[in-house]
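The primary structure of each chain is shown beneath.
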Amino acid sequence: QVQFVESGGGLVQAGGSLKLSCATSGMVFSGEHMGWYRQAPGKQQRDVVAWITSGGKTHYVDSVKGRFTVSRDNAKNTVYLQMDSLKPEDTAVYLCNVIDRAYYAWGQGTQVTVSS
């Protein structure tokens, strides 16, 4: 059974930083392309913001490019999201899952709240 456990969220002022972690289990992590998604308050949709291929190539949506950095540690089956220069519009629940294939069951996510 595949599981995702996200952590590292919190309340931060605009301009601050947070580093999120997503520990995975039950899958061959090193072979998966992994994405970070966020679900804004009051919205059902989860939008991808950053992803990293099994080979380590990174991609970002325009709204976070230059501020967020995605990385992975295959030895720890963990994917990370370093978030700098945070803005109030980054406020959301952040979740990880695979990308470019059918999703596994979602974890609980971690709440990020950015105050102005």
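Provided above is the structure to which this section pertains.
The structure presented is a predicted model; accordingly, all values stated were derived computationally and were not measured.

At Asn77, a residue that is not glycine, the phi angle is positive and equals roughly 55°. With respect to the helices, strands and loops of the structure, Asn77 is situated in the loop between β7 (68-73) and β8 (78-83). Backbone geometry at Ser85 places phi at a positive 50°, although glycine is not the residue there. Mapping Ser85 onto the fold places it in the loop between β8 and β9 (92-98).

All right, on to the state of the cysteines then. Using the criterion set out here, one finds one disulfide in the structure. With a sulfur-sulfur separation of 1.7 Å, Cys22 is cross-linked through a disulfide to Cys96. Taken together, the residues Cys22 in strand β3 (residues 18-25) and Cys96 in strand β9 connect sequence positions 74 residues apart. Residue class for Cys22 comes out buried when judged on its relative accessible area of 0%. Owing to a relative accessible area of 0%, Cys96 belongs among the buried residues under this scheme.

The rules we used
Residues numbered from 1 in each chain as written. Predicted model: local features only at pLDDT ≥ 70, side-chain atom pairs only at ≥ 80, totals over all residues. Heavy atoms only, no water. Helix = DSSP H or I, 4+ residues; strand = E, 2+ residues; numbered from the N terminus. Disulfide = S-S within 2.5 Å. Buried < 20%, exposed > 50% of the residue type's maximum accessible area, 1.4 Å probe, protein only.

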